[in-house]
Structures are given as C-alpha cells and as structure tokens.
Amino acid sequence: MIILTAAALGISAGQMRSAGVIALVAALIGMTFALAAITSPGPVSILAFVYAVLGYNGGLMLFVLGLFANQRLRRSTRVPH
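These remarks concern the structure in this document.

Reading the values: rules and limits
- Residues numbered from 1 in each chain as written.
- Predicted model: local features only at pLDDT ≥ 70, side-chain atom pairs only at ≥ 80, totals over all residues.
- Heavy atoms only, no water.
- Helix = DSSP H or I, 4+ residues; strand = E, 2+ residues; numbered from the N terminus.
- Contact = heavy atoms within 4.5 Å.
- Areas by Shrake-Rupley, 256 points an atom, 1.4 Å probe, with all protein chains shown as cover.
- Expected span 1.5 Å × (residues − 1).
- Buried < 20%, exposed > 50% of the residue type's maximum accessible area, 1.4 Å probe, protein only.
- Arc of directions from axis to C-beta.
- Patch = residues over 30% accessible without salt bridge, like charges linked within 9 Å, V, L, I, M, F, W, Y side chains within 5 Å.
- Salt bridge = Lys/Arg side-chain N within 4 Å of Asp/Glu carboxyl O.

### A closer look at the overall build of the protein
- If you tally the helices and strands in the protein, you get three helices and zero strands.
- From first element to last, N terminus to C terminus, the protein shows the α and β order α-α-α.
- Taking the principal axes of its C-alpha atoms as reference, the protein extends roughly 70 × 25 × 10 Å.
- Long-range contacts, defined here as pairs at least 24 residues apart, represent 66% of the contacts in the protein between residues at least 6 apart.
- Total accessible area computed for the protein in this model is approximately 6100 Å², and 73% of it derives from carbon and sulfur atoms.

The structure is reproduced here in structure tokens:
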C-alpha cells in the first residue's frame with residue numbers, strides 16, 4: 001500500500017510539471033517519515049521509507065513513460081496529406 005500511495009504521489013507531482021513541486025513532494029515524504037520516527041513509541045522500519053522513495057520515483061518514471069508513449073502514438077496516427 002505504501003508503494004501504491006507513493007506512486008500516486010509521483011504521478012500527481014509529475015502532472016504539475018514543475019521541478020519545485022516534484023522536489024517539495026519528495027522532501028515532504030522524507031519529513032513525514034522523520035516526524036513519524038520521532039513521535040513513534042516503537043521502532044520504525046527504514047524499509048517502509050525505502051518503499052516510499054522507490055514508489056515515488058517509480059510513479060515519476062511511469063508518468064514520463066506515459067508522456068513518451070502518448071507522443072509516439074500521437075505522431076504515428078497523423079495522416080500525411
């Protein structure tokens with residue numbers, strides 16, 4: 001579930017097409033994990049943070065691949081006159 005949520009964040013941040021937004025969301029993921037680690041009474045899994053980072057990056061990559069595929073499909077369906 002962490003990976004899917006982070007991937008959705010990556011796709012959503014990519015749709016904004018702003019490097020600032022992409023960096024801000026990445027920083028907020030890290031800050032949220034740090035806050036959860038500080039306030040948690042028990043041990044915190046670093047693996048969950050790694051999954052979140054990998055899911056976010058995967059979502060960004062999926063968005064870029066989708067843009068690339070859309071451009072290629074759009075270019076191939078044009079009929080020359």
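More follows now that the structure is in view.
### Concerning helix α1 (residues 2–16)
- Across its 15 residues, α1 extends 22 Å between first and last C-alpha, which sits within 8% of the 21 Å expected from 1.5 Å per residue.
- Within the span of α1, buried status applies to Ala 6, Ala 7, Gly 10, Ala 13 and Gly 14. Take α1 and look down its axis: the buried residues cluster within an arc of 125°, on one side only. Looking at α1, the residues exposed on the side facing more than 90 degrees away from the buried face are Leu 4, Gln 15 and Met 16.
- Here the buried face of α1 lies against α2 (19–39) and α3 (46–76).

### A word on unusual backbone geometry
- Non-glycine residue Arg 17 carries a positive phi angle of around 55°.
- Relative to the assigned elements, Arg 17 resides in the loop between α1 and α2.
- For Arg 17, a relative accessible area of 61% corresponds to the exposed category.

### Details of a nonpolar patch on the surface
- Taken together, the side chains of Ile 2, Ile 3, Ile 46, Leu 47, Val 50, Tyr 51 and Leu 54 define a hydrophobic patch exposed on the protein surface, amounting to about 640 Å² of accessible area.
- Contributions of two or more residues to the nonpolar patch are made by α1 and α3.
- Position of Leu 54 relative to the elements: it lies in helix α3.

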